[in-house]
Amino acid sequence: MLNILLNDIKQDIKKSTIRILGKRQKERIIYVSNNLVKKIKNRFQGQIYLSEHNGRQYSRIAVSQRITNQGKIILYKSISAHTLRHCFANNMLKKINNLKGVSKYLGHSSTSTTANLYIHDELQLEDLFE
């Protein structure tokens, strides 16, 4: 989110498409509702980047601290940006039950990475004798 340029956002009738660089400079396309992009633009008023503060790009440390502080205030828990990513991935896997699709959206090079990180099913003793 920190490096999203306004020029990297393309909107159509239903959604916004954003080109980002992930880990190891791997290019990915993410899809976001137009409504969310509009809210972010209104909140941050960026001229170059999607999220700016007084004309300057937010730092990773500032955003991480804000997420942690808001998590403590709202959820009474210490959370991070990775916590939000983990929750999103788990919710998507439960909602659409498509490991390959979620893996691709998260930018993982292999579905086994996604499965190892986000699938926590365990065999219960009761399952063996039904």
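Residues numbered from 1 in each chain as written. Predicted model: local features only at pLDDT ≥ 70, side-chain atom pairs only at ≥ 80, totals over all residues. Heavy atoms only, no water.

Caption draft 1: Representation of the sheet that holds strand β1 (residues 9–11). With antiparallel pairing, 3 strands are arranged side by side in an open sheet as β1-β2-β3. Looking at the sheet topology across the chains shown, the edges are occupied by β1 and β3 (27–33). The sheet shows a mean angle of 25 degrees between the axes of neighbouring strands, direction not considered. Two elements, strand β2 (residues 15–21) and β3, share 7 bridges in a ladder whose sense is antiparallel. What sits directly across from L21, in β3, is E27. (Pairing = 2+ DSSP bridges. Helix = DSSP H or I, 4+ residues; strand = E, 2+ residues; numbered from the N terminus. Axes fitted to C-alpha atoms, helices over the stretch in contact; angles between N-to-C directions.)

Caption draft 2: The arrangement of helix α3 (residues 81–96) in detail. End to end, α3 covers 22 Å across 16 residues, agreeing with the expected 22 Å (1.5 Å per residue, within 8%). Contacts made by the buried residues of α3 are with α4 (99–106) and α5 (111–118). One or two residues past the end of α3 sits N97, with phi positive at roughly 50 degrees. (Expected span 1.5 Å × (residues − 1). Contact = heavy atoms within 4.5 Å.)

Caption draft 3: Representation of the confidence of the model for the chain. With 92% of its residues at a pLDDT of 70 or more, the chain has an overall mean of 87. Confidence scores differ between elements of the chain, with helix α6 (residues 125–128) showing the lowest mean pLDDT of 63 and β1 the highest of 95. (pLDDT = per-residue confidence, 0-100.)

Caption draft 4: Local environment of the packing of aromatic side chains. Taken as a whole and assessed by the stated rule, the structure comprises 2 aromatic pairs. Ring centres of F44 and Y58 lie 5.5 Å apart, and the angle between their planes is 85 degrees; this geometry places the pair in the edge-to-face category. Of this pair, F44 sits in helix α1 (residues 34–44) while Y58 is found in the loop between β5 (56–57) and α2 (60–74), placing the two residues 14 residues apart along the sequence. Comparing F44 with Y58, the two get one shared label, buried. Seen from their ring centres, F88 and Y105 are 5.8 Å apart, and the 40 degrees between their planes marks the pair as tilted. Of this pair, F88 sits in helix α3 while Y105 is found in helix α4, placing the two residues 17 residues apart along the sequence. Since its relative accessible area comes to 29%, Y105 is described here as partly exposed. (Phe/Tyr/Trp six-rings, centres within 6.5 Å; stacked < 30°, edge-to-face > 60°. Buried < 20%, exposed > 50% of the residue type's maximum accessible area, 1.4 Å probe, protein only.)

Caption draft 5: Quick look at the pattern of salt bridges. One pass over the full model with this rule turns up 3 salt bridges. A salt bridge links R19 to D8; the nearest nitrogen and oxygen atoms lie 3.2 Å apart. Here R19 is found in strand β2, whereas its partner D8 is found in the segment before β1, with 11 residues between them in sequence. Looking at R19, the relative accessible area reads 35%, which means it is partly exposed. When its relative accessible area of 13% is taken as the criterion, D8 is described as buried. In this structure, D12 engages K15 in a salt bridge whose closest nitrogen and oxygen atoms are separated by 2.9 Å. Assessed through its relative accessible area of 38%, D12 is described here as partly exposed. For K15, a relative accessible area of 32% corresponds to the partly exposed category. Three or more residues joined by partner-sharing salt bridges are found here, namely D8, R19 and E27. (Salt bridge = Lys/Arg side-chain N within 4 Å of Asp/Glu carboxyl O.)

Caption draft 6: Inspection of the pairing of β2 at higher detail. Burial of the side chains of β2 is restricted to one face: S16, I18 and I20 are buried, whereas none of K15, T17, R19 and L21 on the reverse face is. Bridge analysis of β1 against β2 gives 3 bridges, and the strand direction is antiparallel. By the bridge assignment, I9 is partnered in β2 with I18. Hairpin connection from β1 to β2: 3 residues lie between these consecutive antiparallel strands. Between β2 and the antiparallel strand that follows it, β3, lie 5 residues; R24 among them carries a positive phi value of about 55 degrees.

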